[in-house]
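Overview (structure and organization)
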Amino acid sequence: MPPTAKEILAALGVPEAFHTGGKLVARSPIDGLTQGAVRGAAAGEVQEAIGRGHGAFIAWRQVPAPRRGELLRLFGDELRAHKTALATLVTLEVGKVTSEGLGEVQEMIDICDFAVGASRQLHGLTIATERPGHRMMEVWHPLGVVGVISAFNFPVAVWSWNAALALVCGNALVWKPSEKTPLTALACQALLERAMQRFGQDAPRYLSQVLNGGAAVAEALVDDARVALVSATGSTRMGRAVGPRVAARFGRSLLELGGNNAIIVTPSADLDLAVRGILFGAYGTAGQRCTSTRRVIAHQSVHHELVMRLERARASLKVGDPREPGVLVGPLIDEMAWLAMQASLDQAADQGGQVSGGERVMVGGHAQAFYAAPALVQMPAQTAVVRHETFAPILYVLRYDALSEAIALQNDVPQGLSSAIFTNDLREAEAFLSATGSDCGIANVNIGTSGAEIGGAFGGEKETGGGRESGSDAWKNYMRRATNTINYSNALPLAQGVRFDL
Ligand code: NAD
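Residues numbered from 1 in each chain as written. Predicted model: local features only at pLDDT ≥ 70, side-chain atom pairs only at ≥ 80, totals over all residues.

Details of the nonpolar core
Counting 147 residues, the largest nonpolar core has Ala115, Ala164, Leu165 and Ala187 as the members making the most contacts within it. Beyond its immediate chain neighbours, meaning those up to four positions away, alanine 115 contacts Gly69, Leu72, Ala164, Leu165 and Val168. Counting residues in each nonpolar core, the second largest holds six residues, with Cys290, Leu417, Cys440 and Phe458 among its members. (Core = buried A, V, L, I, M, F, W, Y, C linked by C-beta atoms within 7 Å. Buried ≥ 20, exposed ≤ 12 C-beta atoms within 10 Å, placed from the backbone. Contact = placed C-beta atoms within 7 Å.)

The structure is reproduced here in structure tokens:
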């Protein structure tokens, strides 16, 4: 028997009272059954938590960054020690297949390692000044309380990207996880608290807090001027609400929103690679990744063979309980996701699409679980439904003649997260990566659209929100920059030759 959520939470040190008796019901998409009942935060509690978080920030910002990095090293150790348990909980709460659940926790470990390194690398420039006897430099300081709002589909990794960097940069955290994944959030908080205990008194008590609940809890974070940065991951609909509200109080936001990612397959493509990349991208995680492959744009000359191969593989993908070996496609998160998938397939058919797959798959007789056969839709054109992100295993296939046409199609959607080209032609690859190529935050050659590593900055353009998280210099989003000019001469020369002689 696989462990229950209750057993895992107990092993991870989450008190039973935290996940019983509340109003926020946590269900597993594997069988639709209740896993816990969590208490949601009331509006007043959010304000209190922000106040406590601000107090923690005042203390934490004085701890030297390399010492702060030590906390992330300890948190990484906790994650290593409890990787299987947390991954099993991710599988239970979100329905990811076992290796993807483990991969998600590995991503947390990776970002902790990255943050430990970054803790000794936070740096600013020294800049040449025009004034003799002067030095100009920039210094990066912590921001304050960072509010994290996260989506259901990466219930732990996305928080950890934010948490690891925000903490190393000297900030405090208040996290509002998806209302669909409160249990994994409680587990993360318990593991971080264990790390904080081992770290000692330098880590103030309310350095990181989790507040479960719905959009109202997130809105209270969004509107509070003490929350210096709101990092929000979710749908474009959510970002459209959050972005302007944070801007209205001159706060900072980091938005990681919806995608609509395409793979271009050219005449020279290695079709074996392309088929594997497309299948994982489109149907892995049941199509519920922001980087999922939703569109394939295939050259005329390879379109027929590619569709035949994708169709064969699609029909043979094993859909089922994500804990079973050999299963590659688990459940959709809930009935709403299933209904949205069916609505999009109906629209696609109305708009001239030829649909295969997409039907409901009953698994284990669980009437309240929603499993769907992956769908492939051959489209005559990039119609309205193709331009819309449906968070489900649907792959639209389009065709093209000239590469410029393929790139134009790839870019002609409101979202701009991830993109890829399969080609063995250097000119095509470079054109795709150039300024006139893909307009996305992520552009790949001969690998698919999903499965990013933490070393690179992650995020996208247009309706994806423009935010960057995770690697490279994304840490700068969690700090404020001060430019300092120091005069070590005996004179007071003014810049630009301005004279003010007294
Ligand atoms: P969602 O937008 O429904 O919810 C995300 C979070 O926003 C939840 O915590 C929710 O409570 C909160 N929220 C909803 N409305 C809000 C409002 N008006 N104000 C403040 N908070 C609000 O998204 P979801 O269904 O959980 O996740 C799927 C979506 O997330 C997809 O669009 C996917 O592409 C996107 N996503 C993007 C990334 C990325 O990095 N770009 C990563 C993961 C998921």
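Examining the pairing of strand β8 (residues 227-233)
Within β8, six of the seven residues are buried, which leaves the element mostly enclosed by the surrounding structure. Here strand β5 (residues 145-149) pairs with β8 via five bridges, running parallel. Note on β8: the bridge partner recorded for valine 145 is valine 227. Where β8 meets strand β9 (residues 252-256), five bridges bridge the pair, whose relative direction is parallel. Among the inter-strand pairings, threonine 233 is bridged to a residue of β9, identified as glutamate 256. Note on the crossover from β8 through helix α9 (residues 236-248) to β9: the handedness is right-handed. (Helix = DSSP H or I, 4+ residues; strand = E, 2+ residues; numbered from the N terminus. Pairing = 2+ DSSP bridges. Right-handed = clockwise from strand over helix to strand, strands pointing away.)

Remarks on the sheet that holds strand β7 (residues 208-210)
The sheet built from five strands is open, its strands ordered β7-β6-β5-β8-β9 with parallel pairing. Every interior strand has two partners, whereas the edge strands, β7 and β9, have only one. Each adjacent strand pair in this sheet contributes to an overall mean axis angle of 15°, direction not counted. Its contacts with the sheet put helix α2 (residues 43-60) on β5, β6 (172-176), β7 and β8, and the angle it makes with β6 is roughly 150°. Sheet contacts for helix α8 (residues 215-223): β5, β6 and β8; angle to β6, the most-contacted strand, approximately 150°. (Axes fitted to C-alpha atoms, helices over the stretch in contact; angles between N-to-C directions.)

Considering the sheet that holds strand β23 (residues 479-487)
Two orientations exist for strands paired in a sheet by backbone hydrogen bonds: parallel and antiparallel. If you walk across this open sheet you meet the three strands as β3-β4-β23, and the pairing is antiparallel. This sheet does not close on itself; its edge strands, each paired only once, are β3 (126-127) and β23. Where strand β4 (residues 134-142) and β23 come together, nine bridges link them in antiparallel fashion. Residue pairing across strands places histidine 134 opposite asparagine 487, the latter belonging to β23.

Regarding unusual backbone geometry
Positive phi outside glycine occurs at threonine 285, with the angle close to 55°. Along the chain, the position of threonine 285 falls in the loop between α10 (271-283) and β11 (293-299). Overall, threonine 285 belongs to the buried group, with 27 C-beta atoms counted inside 10 Å. Of note in the backbone geometry, serine 472 takes a positive phi value of approximately 50° without being a glycine. Serine 472 sits in the partly exposed class, given 14 other C-beta atoms within 10 Å.

Here we look at the site of the ligand
The environment of the ligand is made up of 30 residues, and the closest members are Ala151, Ala218, Gly234, Glu256 and Cys290. For the shell around the ligand, the secondary structure elements donating two or more residues are α8 and α9. No other element matches α8, which puts four residues into the shell around the ligand. For the shell around the ligand, the class distribution of residues is 15 nonpolar, ten polar and five charged. (Near = placed C-beta within 6 Å. Nonpolar A, V, L, I, M, F, W, Y, C, P; charged D, E, K, R; others polar.)

Comments concerning the packing of helix α4 (residues 83-94) against helix α7 (residues 182-199)
At a minimum axis distance of 9 Å, the contact between α4 and α7 shows a crossing angle of 165°. Taken together, α4 and α7 sit at an angle that is classed as roughly antiparallel. Considering how the two elements wind past one another, α4 and α7 form a crossing that is left-handed. Counted together, Leu86, Leu89, Val90 and Glu93 of α4 and Leu183, Thr184 and Ala187 of α7 form the full contact between these two elements. In the contact of α4 with α7, the residues fall into five nonpolar, one polar and one charged. (Parallel < 35°, antiparallel > 145°, perpendicular 65-115°, else oblique. Left-handed = near helix turned anticlockwise from the far one by under 90°.)

So, to be careful, I would describe these as geometric facts and stop short of saying anything about function.
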